Each structure stands twice: as C-alpha cells, then as structure tokens.
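Structural overview for review
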Amino acid sequence: MPKQIETAITKKIRTFIWEGHRTPPISLARLERPLEEGGIGLLNIKVRNNAIETTWIRDFMDLSTSRPAWAFVTDAIINTLKPSGIKNQSDVNALLTSWDPPTQGPKTKRLPKLITNMLKAMKTNNVSFAPNKLSAQLKSQMPTWCHLGAPPKTYHRTKDKCLRSIHKVESVKDLRDMTTRLTNQGIHDATSTCVCNECVEDRLMGCTNPNKCAKTAHHILDNLNPLFNPNTSPKKDGLTLTHRYLEKNSQMRTRQHGEILFDPSITSKNHLSECFRIFTNPDRLIQIPAYRLRAPRTGCDMVQEQITIYTDGSCINNGKQNTACGGGIWVSDNNPLNKTISIPGNKHSNQIGELTAVLVALQSVNPLTPLKIITD
C-alpha cells in the first residue's frame, strides 16, 4: 500500500473514532493495544502493511522451482543498479552477494516504488542470508563475484578481468572447474604455454595465460571463509541421519502414522532458499560452520533407558482478542515430569501451545537421555 494511502486511511480511522476532535484524548498507539493492555485492538495499518511486505519478501527469497515469475523480473530490475562485478541476470539474487542495493538516492529513481519499498522492508526487518552449515553442492551454487564469504582484497580488477570476460566465471562451481587442472600433475604444466586440453581450449577462447587464470581462481576460493569455502570440510558431528532412517521417516510421513526419528542435521542441503532468515542480528552472523559439541565419554551420569513423553496443546477463543493457549506433558501416573503449561503474553494459538509443550519436555530431562515424544 502506498504511503499516502496508508496515511489517509489512518487519518480517517482517527476522525471516525474521535468524531473530528483535533486533540484526541487517547493516542492511536494505546488504542491499538490488546484489551488486556488497555486498548481496543484497533488495526494498526502500518504494521499490517509491514506484514504484507514481509510475505512479498518470503516469495522473493524463494529460489526453488516454485518461485513466482515476478521475483525473477524483480531480480533483473534490481541488478540494473549493480556494480561492475555482478552480472545483470535474473538468477542472481542481491542477498546472495555482499552488494547492498540502494534504497535512497538518485539511483533508486530507476526502480519502481514497490521494489524500493520491498528493499526498505528487507533492511528494516534485517533479512539476511545466514546458513548454519552449507552442503558442498550449495556452496558451489553461490555467485563468484561480491561473494558473502570474501574478505577485503579477495578480488583484483585487472587479474580477474579474464575470468569475467573470457571464461565467463559466475558461480563458485565455475571457479572450482578452473582450478582442477592445477592438481593434474604430469598433465598440466604450470606455465603460460601449457598444452593440456583445458589450457588449449581456453587459449582458443582468447585467454592468453590459462595457468595464471587458474591460479587467480584458486586465490579467490582460498580466501573464502570456512562457512562458504568449498575446499574445506566442517567437523563431523554425527547430526545427519543415515539413508535408512531418512527413508523410514519419509514413509511414516506419507502414511501419517508411526514413529518419526528427529533429524538433528543443521546442514542446508536442498536449496539456498533454506538459508534466508528474517529478524536477524547482523552482528551475530557466523563465519564458520556450526557444529555440535561432543558429549563427554566418561564421568557423566548417562541415562540409557528411553523415556516416552506425550505432549499436547490447546487454544480457546482462537483468533479473538481474549484468546489463550496452553500445553500439557504426561509421562506416566504421578510422574514428576507431568505438568500443565499456561502460555504468557499476548500471542496465542494452538500451534504455540503444541510447540511450547515439546520445548518444555526437552528442557525437563537430561540432554543425553533418549527421548520418544508422541504428539499430534
């Protein structure tokens, strides 16, 4: 909704409530509070607009095959403002690079107002590309230029020129393909006159020194921080389920009945879209892959017997001003872990009750105890 429309509607709401009084006795901010906080639950037009813009951001960040066509067009329009290092292609999403699209100034005049508003909403809500850990496949899909994991002085305009213009390097995968020849000892000669197949093909395309370009590509890869570097492997933490368990989980979800083993993996594997986050703290984004700390082998009182916990949640007056939700935990008769939970605050739903019950159940037992949680 355009800003002027938002302002006009807010003005009409104020006029309707106070019948034209110039100095309302109660501010709109107080009236917009819930009943239990002294307000009347009046609709906040500005907040509602922000929520609508957030749904646009969600669709714009979807890089899967179901991505809407307008998102590709938006990428192409935003990329017209790009610096020289970013290709003007619809499949290069600005948030996958260290380039920060402008939201004010003369350049933004070339952007439609809706796109400018969406970019401003992304900055206001701190939308970031913030993976915990990336699979090798997703690392290879990241764009080469203005890479999020590239520290200062990673790129060199003169040395990189041939990679951009002749070799058409655009992704990290292209860089890796360029550097494979450097490991082919006995086949590749580390000189400008190398006659290996890759270097011969590059010279036919117009590259005068393929070996130098391969070393430049290796330099860029070598400078990427550990979270994004495809040549580094994170510590093995045993958080990924075996193929057999993954297949079993898939079957149970299809049947909608049976035990599903919790998958604790924090590695993003399927698509880069999994890594976008909203409401992030830019100062706390990690630069190394996350991993699980190992449990001590000795000197720890480990409970090996599995505990089965039943959880449930409920909500009354769902969707209304006086809504309230809670959760319940049951293990066995008279078990000290049995409890009911009343959810505080003004955000209530059946899902919040369910998730809170599961969370409290996990926090109530030894973290090394095998757990089986039964919930609907």
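Preceding this paragraph is the structure being described.
All values derive from a computational prediction rather than experimental measurement. Numbering of residues begins from 1 in every chain and follows the order in which that chain's sequence is written. The predicted nature of this model means local features are confined to residues of pLDDT at least 70 and side-chain atom pairs, given and counted, to a pLDDT of 80 or more, with totals for whole chains, interfaces and linings taken over all residues. The basis for every side-chain value is the complete set of non-hydrogen atoms in the structure, without hydrogens or water.

Some details on the environment of Asp 283
- Mapped onto the fold, Asp 283 is located in the loop between strand E4 (276-277) and strand E5 (307-316).
- Taking C-alpha positions, Asp 283 is 22 Å from Thr 54, a pair spaced 229 residues apart along the chain. Think of it this way: any DSSP run of H or I at least four residues long counts as a helix, any run of E at least two long counts as a strand, and we number them from the N terminus.

Notes on the packing of aromatic side chains
- In this analysis, rings of Phe, Tyr and Trp, with Trp reduced to its six-membered ring, are considered paired at centre separations within 6.5 Å, and the interplanar angle assigns stacked below 30 degrees, edge-to-face beyond 60, and tilted for intermediate values. With the rule as written, the count across this model stands at five aromatic pairs.
- Taken together, a centroid distance of 5.4 Å and an interplanar angle of 70° make the contact between Phe 129 and Phe 276 edge-to-face. Residue Phe 129 is found in strand E1 (residues 128-129), and its partner Phe 276 is found in strand E4; the two are separated by 147 residues along the sequence.
- Burial classification: accessible surface area is computed with a 1.4 Å probe over protein chains only, and a residue below 20% of its type maximum counts as buried, one above 50% as exposed, and the rest as partly exposed. Of the residues examined, Phe 129 reaches a relative accessible area of 8% and is grouped as buried.
- In this structure Phe 276 comes out as buried when scored by relative accessible area, which is 11%.
- Residues Trp 145 and Tyr 155 carry aromatic rings whose centres are separated by 5.5 Å and whose planes lie at 50° to one another, so their mutual orientation is tilted. Remark: Tyr 155 occurs in the loop between helix H6 (136-141) and helix H7 (157-165) and Trp 145 occurs in the loop between H6 and H7; sequence separation between them is ten residues.
- The partly exposed category is assigned to Tyr 155, whose relative accessible area is 25%.
- Clustering of aromatic rings is evident, with ring pairs tying together Phe 129, Phe 228 and Phe 276.
- Just above the ring of Phe 72 sits the side chain of Arg 67; from NZ or CZ to the centre is 4.9 Å.
- The rule is short: NZ of Lys or CZ of Arg within 6 Å of the ring centre and within 35 degrees of the ring normal puts a charge over the ring. Between the NZ or CZ atom of Arg 244 and the centre of the ring of Tyr 245, over which it lies, the distance is 4.7 Å.

Comments concerning the pattern of salt bridges
- Think of a salt bridge as a Lys or Arg side-chain nitrogen and an Asp or Glu carboxyl oxygen that are within 4 Å of each other. Within the structure shown, the criterion is met by six salt bridges.
- Lys 372 is the partner of Glu 259 in a salt bridge, and the nearest nitrogen-oxygen pair spans 2.5 Å. Separated by 113 residues along the polypeptide, Glu 259 in the loop between helix H11 (243-255) and strand E3 (267-268) and Lys 372 in strand E8 (residues 371-374) bring together distant segments of the chain.
- With a relative accessible area of 48%, Glu 259 lands in the partly exposed category.

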